[in-house]
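Fold and contact review
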Amino acid sequence: MRPHGVIALTCLALSLLGCSKDVSIEPEMTIGLKNLPGHFPEMEFPVENEYSEARVQLGKFLFYSKMLSSDYSVSCASCHAAEHGFGANTATSPGVFNRPGVRNAPTLTNIGYHPYFTREGGVPTLEMQVLVPAQEHNEFDLNILDAVERFKADSLVQSMSQKAYGKPLDYKVLMRSIAMFERTLVSKNSAFDRYAFQGDKQALKTDELAGLRLFYSARTNCFKCHGGFNFTTYGFENNGLYEVYADEGRKRLTGLPEDEARYKVPTLRNIEVTAPYMHDGSLSTLDEVIDHYDSGGRSHPQKSEWLKPLHLTPMEKDQLKAFLLTLTDHEFMNNPKFRN
Ligand code: HEC
Ligand code: HEC
(Lines give C-alpha, C1' and ligand atoms only; values in the text may rest on other atoms or scores of the structure.)
(Ligands and ions follow the chains in the order given, each with its own letter.)
Protein backbone atom coordinates (compact mmCIF):
# COMPACT_ATOMS: atom_id res chain seq x y z
CA MET A 1 0.00 0.00 0.00
CA ARG A 2 1.18 3.48 -0.81
CA PRO A 3 1.11 5.35 2.49
CA HIS A 4 -1.53 8.05 2.73
CA GLY A 5 1.28 10.32 3.82
CA VAL A 6 2.69 10.43 0.30
CA ILE A 7 -0.57 11.74 -1.04
CA ALA A 8 -0.95 14.21 1.79
CA LEU A 9 2.63 15.35 1.21
CA THR A 10 2.11 15.86 -2.52
CA CYS A 11 -0.97 17.79 -1.65
CA LEU A 12 1.01 19.92 0.76
CA ALA A 13 3.60 20.60 -1.92
CA LEU A 14 0.81 21.53 -4.30
CA SER A 15 -1.23 23.52 -1.85
CA LEU A 16 0.18 26.82 -3.02
CA LEU A 17 -0.94 25.91 -6.52
CA GLY A 18 -4.56 25.42 -5.58
CA CYS A 19 -4.79 21.90 -4.20
CA SER A 20 -8.04 22.09 -2.30
CA LYS A 21 -8.61 20.53 1.13
CA ASP A 22 -10.79 17.65 -0.03
CA VAL A 23 -7.99 16.33 -2.25
CA SER A 24 -5.99 15.22 0.77
CA ILE A 25 -8.33 12.25 1.09
CA GLU A 26 -7.62 9.22 -1.09
CA PRO A 27 -7.94 10.17 -4.77
CA GLU A 28 -10.63 7.52 -5.30
CA MET A 29 -12.87 9.70 -3.22
CA THR A 30 -12.64 12.63 -5.60
CA ILE A 31 -15.79 13.06 -7.58
CA GLY A 32 -14.69 11.74 -10.96
CA LEU A 33 -13.07 8.56 -9.72
CA LYS A 34 -16.02 7.87 -7.47
CA ASN A 35 -18.14 7.49 -10.59
CA LEU A 36 -15.98 4.69 -11.96
CA PRO A 37 -17.44 1.21 -11.59
CA GLY A 38 -15.69 -0.84 -8.90
CA HIS A 39 -14.44 -3.17 -11.62
CA PHE A 40 -13.58 -2.95 -15.29
CA PRO A 41 -16.84 -3.80 -17.12
CA GLU A 42 -17.25 -6.93 -19.27
CA MET A 43 -17.81 -6.57 -23.00
CA GLU A 44 -21.39 -7.30 -24.07
CA PHE A 45 -22.05 -9.05 -27.36
CA PRO A 46 -25.31 -8.62 -29.30
CA VAL A 47 -27.55 -11.74 -29.35
CA GLU A 48 -27.28 -12.10 -33.11
CA ASN A 49 -23.49 -11.94 -32.89
CA GLU A 50 -22.42 -13.96 -29.83
CA TYR A 51 -18.72 -14.33 -29.20
CA SER A 52 -16.77 -17.21 -30.69
CA GLU A 53 -13.08 -17.55 -31.45
CA ALA A 54 -13.80 -18.63 -35.05
CA ARG A 55 -15.74 -15.39 -35.58
CA VAL A 56 -12.89 -13.32 -34.19
CA GLN A 57 -10.43 -15.07 -36.52
CA LEU A 58 -12.55 -14.41 -39.60
CA GLY A 59 -13.09 -10.79 -38.55
CA LYS A 60 -9.40 -10.29 -38.00
CA PHE A 61 -8.61 -11.76 -41.42
CA LEU A 62 -11.06 -9.37 -43.08
CA PHE A 63 -9.90 -6.38 -41.00
CA TYR A 64 -6.46 -6.87 -42.50
CA SER A 65 -7.68 -7.69 -46.02
CA LYS A 66 -7.14 -5.22 -48.86
CA MET A 67 -9.76 -7.13 -50.89
CA LEU A 68 -12.37 -4.86 -49.28
CA SER A 69 -11.16 -1.81 -51.23
CA SER A 70 -11.96 -1.18 -54.89
CA ASP A 71 -8.32 -0.91 -56.01
CA TYR A 72 -7.01 -3.52 -53.54
CA SER A 73 -4.79 -0.87 -51.89
CA VAL A 74 -6.25 -0.35 -48.39
CA SER A 75 -7.59 -2.40 -45.51
CA CYS A 76 -9.22 -1.28 -42.26
CA ALA A 77 -5.75 -1.55 -40.74
CA SER A 78 -4.32 0.98 -43.21
CA CYS A 79 -6.11 3.70 -41.24
CA HIS A 80 -6.55 1.86 -37.92
CA ALA A 81 -3.05 0.49 -37.35
CA ALA A 82 -2.26 -1.68 -34.33
CA GLU A 83 1.04 0.13 -33.74
CA HIS A 84 -0.84 3.42 -33.39
CA GLY A 85 -3.42 2.03 -30.99
CA PHE A 86 -5.66 1.20 -33.98
CA GLY A 87 -5.59 4.85 -35.06
CA ALA A 88 -3.44 6.65 -37.63
CA ASN A 89 -0.24 8.63 -37.15
CA THR A 90 -1.16 11.15 -39.85
CA ALA A 91 -3.76 13.92 -39.60
CA THR A 92 -5.89 12.23 -42.27
CA SER A 93 -5.43 8.93 -44.11
CA PRO A 94 -5.67 8.35 -47.85
CA GLY A 95 -8.13 5.76 -49.14
CA VAL A 96 -8.35 4.09 -52.56
CA PHE A 97 -6.39 5.71 -55.40
CA ASN A 98 -4.73 7.83 -52.72
CA ARG A 99 -7.87 9.95 -52.37
CA PRO A 100 -7.38 12.20 -49.35
CA GLY A 101 -9.40 11.58 -46.19
CA VAL A 102 -11.26 14.31 -44.33
CA ARG A 103 -11.02 13.39 -40.65
CA ASN A 104 -8.41 11.87 -38.37
CA ALA A 105 -8.88 8.12 -38.00
CA PRO A 106 -9.79 7.55 -34.33
CA THR A 107 -8.43 4.78 -32.13
CA LEU A 108 -10.47 1.57 -31.93
CA THR A 109 -9.29 0.94 -28.35
CA ASN A 110 -12.33 -0.28 -26.37
CA ILE A 111 -14.53 0.63 -29.33
CA GLY A 112 -16.98 -2.16 -28.43
CA TYR A 113 -18.12 -0.13 -25.42
CA HIS A 114 -19.22 2.89 -27.48
CA PRO A 115 -22.99 3.42 -27.75
CA TYR A 116 -22.71 4.90 -31.29
CA PHE A 117 -20.02 5.62 -33.81
CA THR A 118 -18.30 8.39 -35.80
CA ARG A 119 -17.81 11.85 -34.44
CA GLU A 120 -21.41 12.89 -35.07
CA GLY A 121 -22.70 9.66 -33.56
CA GLY A 122 -24.82 8.73 -36.57
CA VAL A 123 -23.97 5.02 -36.75
CA PRO A 124 -25.76 2.87 -34.14
CA THR A 125 -23.75 -0.39 -34.20
CA LEU A 126 -20.26 -1.63 -34.95
CA GLU A 127 -21.77 -3.99 -37.52
CA MET A 128 -23.26 -1.06 -39.43
CA GLN A 129 -20.07 0.95 -39.08
CA VAL A 130 -18.38 -1.55 -41.43
CA LEU A 131 -20.57 -0.18 -44.23
CA VAL A 132 -19.19 3.33 -43.80
CA PRO A 133 -15.68 2.82 -45.22
CA ALA A 134 -17.15 0.44 -47.83
CA GLN A 135 -19.32 3.11 -49.36
CA GLU A 136 -17.06 6.15 -48.82
CA HIS A 137 -15.65 7.38 -52.12
CA ASN A 138 -12.34 8.23 -50.42
CA GLU A 139 -12.07 5.07 -48.30
CA PHE A 140 -12.86 1.62 -49.82
CA ASP A 141 -15.33 2.79 -52.48
CA LEU A 142 -16.54 -0.76 -53.03
CA ASN A 143 -20.10 -2.02 -52.56
CA ILE A 144 -20.13 -4.60 -49.79
CA LEU A 145 -21.90 -7.12 -52.07
CA ASP A 146 -19.05 -6.77 -54.56
CA ALA A 147 -16.58 -7.29 -51.73
CA VAL A 148 -18.40 -10.51 -50.77
CA GLU A 149 -18.29 -11.62 -54.43
CA ARG A 150 -14.50 -11.30 -54.41
CA PHE A 151 -14.22 -14.01 -51.77
CA LYS A 152 -16.52 -16.44 -53.60
CA ALA A 153 -13.68 -18.66 -54.81
CA ASP A 154 -11.53 -18.17 -51.73
CA SER A 155 -11.73 -21.58 -50.04
CA LEU A 156 -9.90 -20.42 -46.91
CA VAL A 157 -12.36 -17.57 -46.26
CA GLN A 158 -15.33 -19.80 -47.11
CA SER A 159 -14.26 -22.47 -44.64
CA MET A 160 -13.58 -19.83 -41.98
CA SER A 161 -17.07 -18.45 -42.59
CA GLN A 162 -18.62 -21.93 -42.27
CA LYS A 163 -16.84 -22.46 -39.00
CA ALA A 164 -17.80 -19.05 -37.66
CA TYR A 165 -21.40 -18.61 -38.80
CA GLY A 166 -22.31 -21.95 -40.38
CA LYS A 167 -22.77 -20.49 -43.87
CA PRO A 168 -20.77 -19.10 -46.79
CA LEU A 169 -19.51 -15.52 -46.53
CA ASP A 170 -22.29 -13.01 -47.14
CA TYR A 171 -22.55 -9.33 -46.27
CA LYS A 172 -23.93 -10.06 -42.80
CA VAL A 173 -21.10 -12.44 -41.99
CA LEU A 174 -18.64 -9.83 -43.21
CA MET A 175 -20.15 -7.04 -41.08
CA ARG A 176 -20.61 -9.25 -38.01
CA SER A 177 -17.19 -10.84 -38.01
CA ILE A 178 -15.34 -7.55 -38.38
CA ALA A 179 -17.44 -6.08 -35.57
CA MET A 180 -16.63 -9.17 -33.50
CA PHE A 181 -12.88 -8.67 -33.97
CA GLU A 182 -13.26 -5.00 -33.01
CA ARG A 183 -15.04 -5.95 -29.78
CA THR A 184 -11.98 -7.94 -28.74
CA LEU A 185 -9.83 -4.77 -28.83
CA VAL A 186 -10.19 -4.32 -25.09
CA SER A 187 -7.59 -2.34 -23.19
CA LYS A 188 -7.79 -2.76 -19.42
CA ASN A 189 -4.26 -3.17 -18.17
CA SER A 190 -2.72 0.29 -18.23
CA ALA A 191 -1.00 1.60 -15.10
CA PHE A 192 -4.19 3.56 -14.48
CA ASP A 193 -6.24 0.36 -14.60
CA ARG A 194 -3.93 -1.37 -12.18
CA TYR A 195 -4.35 1.60 -9.87
CA ALA A 196 -8.09 2.12 -10.26
CA PHE A 197 -9.43 -1.40 -10.81
CA GLN A 198 -6.82 -3.85 -9.58
CA GLY A 199 -6.07 -2.31 -6.20
CA ASP A 200 -2.41 -1.64 -6.96
CA LYS A 201 -1.87 1.68 -5.23
CA GLN A 202 1.82 1.62 -6.22
CA ALA A 203 0.92 1.58 -9.91
CA LEU A 204 1.01 5.37 -10.20
CA LYS A 205 4.02 7.49 -9.24
CA THR A 206 3.78 10.76 -7.35
CA ASP A 207 3.76 13.02 -10.40
CA GLU A 208 1.21 10.78 -12.13
CA LEU A 209 -1.05 10.94 -9.09
CA ALA A 210 -0.71 14.71 -9.04
CA GLY A 211 -1.76 14.67 -12.70
CA LEU A 212 -4.68 12.38 -11.87
CA ARG A 213 -5.86 14.84 -9.25
CA LEU A 214 -5.64 17.70 -11.74
CA PHE A 215 -7.56 15.64 -14.29
CA TYR A 216 -10.36 14.89 -11.83
CA SER A 217 -10.51 18.42 -10.44
CA ALA A 218 -13.08 21.18 -10.80
CA ARG A 219 -10.13 23.33 -11.79
CA THR A 220 -9.47 21.57 -15.13
CA ASN A 221 -12.84 19.81 -15.60
CA CYS A 222 -11.17 17.21 -17.85
CA PHE A 223 -13.21 14.41 -16.26
CA LYS A 224 -16.52 16.16 -16.98
CA CYS A 225 -16.16 15.17 -20.63
CA HIS A 226 -13.48 12.48 -20.43
CA GLY A 227 -15.16 10.70 -17.51
CA GLY A 228 -15.90 7.03 -16.83
CA PHE A 229 -13.72 3.97 -17.32
CA ASN A 230 -13.34 4.70 -21.02
CA PHE A 231 -12.44 8.37 -20.53
CA THR A 232 -15.45 9.61 -22.45
CA THR A 233 -19.04 10.38 -21.57
CA TYR A 234 -19.80 9.79 -25.29
CA GLY A 235 -21.36 13.26 -25.18
CA PHE A 236 -21.07 15.76 -28.03
CA GLU A 237 -18.99 18.75 -27.08
CA ASN A 238 -17.07 21.65 -28.49
CA ASN A 239 -13.65 22.23 -27.01
CA GLY A 240 -12.83 25.58 -28.60
CA LEU A 241 -10.35 24.42 -31.20
CA TYR A 242 -11.38 27.11 -33.73
CA GLU A 243 -13.55 30.18 -34.02
CA VAL A 244 -14.67 28.95 -37.42
CA TYR A 245 -14.73 25.23 -38.22
CA ALA A 246 -14.42 23.66 -41.67
CA ASP A 247 -16.17 20.53 -40.32
CA GLU A 248 -19.72 20.95 -38.98
CA GLY A 249 -19.49 18.07 -36.53
CA ARG A 250 -22.77 16.71 -35.16
CA LYS A 251 -24.75 19.30 -37.14
CA ARG A 252 -23.94 17.16 -40.18
CA LEU A 253 -26.29 14.58 -38.70
CA THR A 254 -28.96 16.63 -36.92
CA GLY A 255 -28.96 19.86 -38.92
CA LEU A 256 -29.34 21.74 -35.64
CA PRO A 257 -27.32 24.95 -35.27
CA GLU A 258 -26.57 24.09 -31.62
CA ASP A 259 -24.78 20.94 -32.78
CA GLU A 260 -22.33 22.82 -34.97
CA ALA A 261 -18.73 21.79 -34.33
CA ARG A 262 -19.66 19.41 -31.55
CA TYR A 263 -17.85 16.09 -31.70
CA LYS A 264 -18.23 12.86 -29.82
CA VAL A 265 -15.82 13.11 -26.89
CA PRO A 266 -12.92 10.79 -27.74
CA THR A 267 -11.52 8.18 -25.37
CA LEU A 268 -8.09 8.99 -23.95
CA ARG A 269 -6.97 5.37 -23.67
CA ASN A 270 -3.60 4.77 -25.36
CA ILE A 271 -3.55 8.50 -26.11
CA GLU A 272 0.27 8.45 -26.11
CA VAL A 273 0.37 6.43 -29.34
CA THR A 274 -2.61 7.91 -31.22
CA ALA A 275 -1.15 11.30 -32.20
CA PRO A 276 -2.01 13.51 -33.99
CA TYR A 277 -5.09 14.67 -32.10
CA MET A 278 -8.59 16.15 -32.59
CA HIS A 279 -11.10 15.47 -35.40
CA ASP A 280 -8.75 16.94 -37.99
CA GLY A 281 -5.47 15.79 -36.47
CA SER A 282 -4.39 19.42 -36.14
CA LEU A 283 -2.59 19.07 -32.80
CA SER A 284 0.59 17.00 -33.06
CA THR A 285 1.58 16.36 -29.47
CA LEU A 286 0.09 16.01 -26.01
CA ASP A 287 1.98 19.16 -25.03
CA GLU A 288 0.07 21.06 -27.71
CA VAL A 289 -3.20 19.57 -26.45
CA ILE A 290 -2.43 20.60 -22.88
CA ASP A 291 -1.43 24.11 -24.02
CA HIS A 292 -4.72 24.29 -25.91
CA TYR A 293 -6.75 23.48 -22.79
CA ASP A 294 -4.55 25.73 -20.67
CA SER A 295 -5.49 28.65 -22.92
CA GLY A 296 -9.20 27.94 -22.40
CA GLY A 297 -9.70 27.49 -26.15
CA ARG A 298 -10.93 29.92 -28.79
CA SER A 299 -14.36 31.44 -28.51
CA HIS A 300 -17.12 29.61 -30.34
CA PRO A 301 -20.88 29.80 -29.73
CA GLN A 302 -20.95 26.09 -28.81
CA LYS A 303 -17.82 26.07 -26.66
CA SER A 304 -18.47 24.32 -23.36
CA GLU A 305 -18.63 26.38 -20.18
CA TRP A 306 -16.30 23.82 -18.65
CA LEU A 307 -13.40 25.27 -20.64
CA LYS A 308 -11.64 28.31 -19.24
CA PRO A 309 -8.04 29.52 -18.98
CA LEU A 310 -6.33 27.21 -16.48
CA HIS A 311 -3.05 29.00 -15.74
CA LEU A 312 -1.25 25.71 -15.22
CA THR A 313 2.37 25.95 -14.12
CA PRO A 314 4.98 24.10 -16.20
CA MET A 315 5.12 21.49 -13.44
CA GLU A 316 1.35 20.97 -13.51
CA LYS A 317 1.41 20.58 -17.29
CA ASP A 318 4.06 17.89 -16.90
CA GLN A 319 1.96 16.17 -14.24
CA LEU A 320 -1.15 16.20 -16.41
CA LYS A 321 0.85 14.72 -19.25
CA ALA A 322 2.39 12.13 -16.93
CA PHE A 323 -1.12 11.06 -16.00
CA LEU A 324 -2.23 10.81 -19.64
CA LEU A 325 0.77 8.58 -20.31
CA THR A 326 -0.42 6.16 -17.62
CA LEU A 327 -3.32 5.31 -19.97
CA THR A 328 -0.97 3.46 -22.34
CA ASP A 329 -1.64 -0.27 -22.09
CA HIS A 330 1.58 -2.04 -23.12
CA GLU A 331 -0.07 -5.45 -22.95
CA PHE A 332 -2.72 -4.26 -25.41
CA MET A 333 -0.13 -2.61 -27.64
CA ASN A 334 1.99 -5.76 -27.84
CA ASN A 335 -0.83 -8.29 -28.01
CA PRO A 336 -0.04 -10.66 -30.93
CA LYS A 337 -3.76 -11.60 -31.14
CA PHE A 338 -4.47 -8.15 -32.57
CA ARG A 339 -1.61 -8.11 -35.05
CA ASN A 340 -1.60 -9.38 -38.60
C1 HEC B 1 -9.16 5.52 -45.45
C2 HEC B 1 -9.11 5.41 -44.00
C3 HEC B 1 -10.04 4.48 -43.29
C4 HEC B 1 -10.33 3.16 -43.57
C5 HEC B 1 -9.85 2.34 -44.75
C6 HEC B 1 -11.21 2.71 -42.52
N7 HEC B 1 -11.44 3.71 -41.62
FE8 HEC B 1 -12.53 3.56 -39.94
N9 HEC B 1 -12.43 5.56 -39.72
C10 HEC B 1 -11.68 6.42 -40.48
C11 HEC B 1 -11.98 7.79 -40.12
C12 HEC B 1 -11.37 9.04 -40.74
C13 HEC B 1 -12.96 7.73 -39.12
C14 HEC B 1 -13.64 8.88 -38.40
C15 HEC B 1 -14.97 9.10 -39.06
C16 HEC B 1 -15.80 10.15 -38.40
O17 HEC B 1 -15.54 10.55 -37.27
O18 HEC B 1 -16.76 10.58 -39.04
C19 HEC B 1 -13.22 6.31 -38.88
C20 HEC B 1 -14.11 5.81 -37.92
C21 HEC B 1 -14.25 4.49 -37.61
C22 HEC B 1 -15.02 3.98 -36.51
C23 HEC B 1 -15.80 4.81 -35.50
C24 HEC B 1 -14.90 5.21 -34.36
C25 HEC B 1 -15.62 6.03 -33.32
O26 HEC B 1 -14.94 6.41 -32.34
O27 HEC B 1 -16.81 6.30 -33.43
C28 HEC B 1 -14.90 2.61 -36.53
C29 HEC B 1 -15.52 1.64 -35.57
C30 HEC B 1 -14.10 2.29 -37.68
N31 HEC B 1 -13.71 3.44 -38.31
C32 HEC B 1 -13.81 1.00 -38.10
C33 HEC B 1 -13.30 0.71 -39.36
C34 HEC B 1 -13.33 -0.61 -39.96
C35 HEC B 1 -13.86 -1.86 -39.31
C36 HEC B 1 -12.78 -0.48 -41.20
C37 HEC B 1 -12.67 -1.55 -42.27
C38 HEC B 1 -13.92 -2.19 -42.63
C39 HEC B 1 -12.38 0.92 -41.35
N40 HEC B 1 -12.74 1.60 -40.22
C41 HEC B 1 -11.74 1.42 -42.46
C42 HEC B 1 -10.78 6.05 -41.46
C43 HEC B 1 -10.77 4.81 -42.07
C1 HEC C 1 -16.21 20.23 -22.72
C2 HEC C 1 -15.76 18.88 -22.83
C3 HEC C 1 -14.25 18.64 -22.71
C4 HEC C 1 -13.42 18.97 -21.68
C5 HEC C 1 -13.76 19.71 -20.40
C6 HEC C 1 -12.13 18.45 -22.03
N7 HEC C 1 -12.19 17.84 -23.24
FE8 HEC C 1 -10.67 16.91 -24.18
N9 HEC C 1 -11.83 16.68 -25.84
C10 HEC C 1 -13.16 17.02 -25.94
C11 HEC C 1 -13.60 16.85 -27.30
C12 HEC C 1 -15.01 17.10 -27.84
C13 HEC C 1 -12.47 16.43 -28.03
C14 HEC C 1 -12.43 16.15 -29.54
C15 HEC C 1 -12.40 17.46 -30.30
C16 HEC C 1 -12.18 17.29 -31.77
O17 HEC C 1 -12.24 16.17 -32.26
O18 HEC C 1 -11.94 18.29 -32.45
C19 HEC C 1 -11.38 16.32 -27.06
C20 HEC C 1 -10.11 15.88 -27.39
C21 HEC C 1 -9.11 15.67 -26.45
C22 HEC C 1 -7.85 15.02 -26.74
C23 HEC C 1 -7.45 14.46 -28.09
C24 HEC C 1 -8.06 13.09 -28.27
C25 HEC C 1 -7.88 12.53 -29.64
O26 HEC C 1 -7.87 11.30 -29.76
O27 HEC C 1 -7.77 13.28 -30.62
C28 HEC C 1 -7.14 15.00 -25.57
C29 HEC C 1 -5.78 14.40 -25.36
C30 HEC C 1 -7.94 15.64 -24.56
N31 HEC C 1 -9.14 16.04 -25.14
C32 HEC C 1 -7.57 15.81 -23.24
C33 HEC C 1 -8.27 16.63 -22.35
C34 HEC C 1 -7.72 17.11 -21.10
C35 HEC C 1 -6.36 16.77 -20.54
C36 HEC C 1 -8.67 17.91 -20.55
C37 HEC C 1 -8.59 18.76 -19.31
C38 HEC C 1 -7.51 19.75 -19.31
C39 HEC C 1 -9.81 17.92 -21.45
N40 HEC C 1 -9.52 17.12 -22.54
C41 HEC C 1 -11.01 18.58 -21.23
C42 HEC C 1 -13.95 17.47 -24.91
C43 HEC C 1 -13.47 17.95 -23.69
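What you are looking at is a predicted structure, and each value in this text was computed from that prediction instead of being measured.

As for helix H9 (residues 171–183)
Its 13 residues give H9 an end-to-end C-alpha distance of 18 Å, which sits within 8% of 18 Å, the value for a rise of 1.5 Å per residue. Among all positions of H9, only Val 173, Leu 174, Met 175, Ser 177, Ile 178, Ala 179, Met 180, Phe 181, Glu 182 and Arg 183 are buried. Residues of H9 that are buried in the fold lie against helix H3 (53–63), helix H5 (126–129), helix H6 (131–135), helix H7 (144–150) and helix H8 (155–165). Capping the start of H9 is the job of one residue whose side-chain oxygen sits 3.1 Å from the backbone nitrogen of Lys 172: Asp 170.

So, the packing of aromatic side chains
All told, the structure shown has 24 aromatic pairs when counted by the stated rule. Between the aromatic rings of Phe 40 and Phe 197, the centroid separation amounts to 5.7 Å while the plane-to-plane angle is 85°, which identifies the pairing as edge-to-face. Here Phe 40 is found in the loop between helix H2 (31–34) and H3, whereas its partner Phe 197 is found in the loop between helix H10 (191–196) and helix H11 (206–215), with 157 residues between them in sequence. Judged on exposure class, the residue Phe 40 and its partner Phe 197 are both buried. Their ring planes at 65° and their centres at 6.0 Å tell us that Phe 63 and Phe 86 sit as a pair that is edge-to-face. In this pair, Phe 63 sits in helix H3 while Phe 86 sits in the loop between helix H4 (76–79) and H5, placing the two residues 23 residues apart along the sequence.

A short note on the coordination of the iron atom of ligand 2
Note on the iron atom of ligand 2: its protein donors are His 226 (NE2) and Tyr 293 (OH). The metal-donor distances range over 2.0 to 2.1 Å. Classification of the site at the iron atom of ligand 2 as octahedral follows from its 6 donor atoms and the range of 82 to 179° in their angles at the metal. With His 226 in the loop between helix H12 (222–225) and strand S1 (236–237) and Tyr 293 in helix H14 (residues 286–295), this pair connects stretches of sequence that are 67 residues apart. For Tyr 293, a relative accessible area of 23% corresponds to the partly exposed category.

A look at the site of ligand 1
Residues in close proximity to ligand 1 total 25 residues, the closest being Cys 76, Cys 79, His 80, Arg 103 and Thr 118. His 80 has a polar side-chain atom sitting 2.9 Å from a nitrogen atom of ligand 1. Breaking the shell around ligand 1 down by element, the ones donating at least two residues are H4, H5 and H9. Taken together, the residues of the shell around ligand 1 break down into 12 nonpolar, 8 polar and 5 charged.

Some words on the environment of Pro 257
Residue placement: Pro 257 occurs in the loop between helix H13 (251–254) and strand S2 (263–264). In this structure the C-alpha to C-alpha distance between Pro 257 and Pro 301, which are 44 residues apart in sequence, comes to 9.8 Å. In this structure, Pro 257 is in contact with Lys 251 and Gln 302, ignoring residues within four places of it in sequence.

Calculation rules
- Residues numbered from 1 in each chain as written.
- Chains lettered and ligands numbered in written order.
- Predicted model: local features only at pLDDT ≥ 70, side-chain atom pairs only at ≥ 80, totals over all residues.
- Heavy atoms only, no water.
- Helix = DSSP H or I, 4+ residues; strand = E, 2+ residues; numbered from the N terminus.
- Expected span 1.5 Å × (residues − 1).
- Buried < 20%, exposed > 50% of the residue type's maximum accessible area, 1.4 Å probe, protein only.
- Contact = heavy atoms within 4.5 Å.
- Polar contact = N/O pair within 3.5 Å; in protein donor to acceptor, adjacent residues only side chain to side chain.
- Phe/Tyr/Trp six-rings, centres within 6.5 Å; stacked < 30°, edge-to-face > 60°.
- Donors = N, O, S within 2.8 Å, 3.2 Å for Na, K, Ca; no water.
- Tetrahedral: all angles 85-135°; square planar, octahedral: opposite > 155°, others 65-115°.
- Near = heavy atom within 4 Å.
- Nonpolar A, V, L, I, M, F, W, Y, C, P; charged D, E, K, R; others polar.

In short, the description is geometric, and any link to function would need to be established separately.
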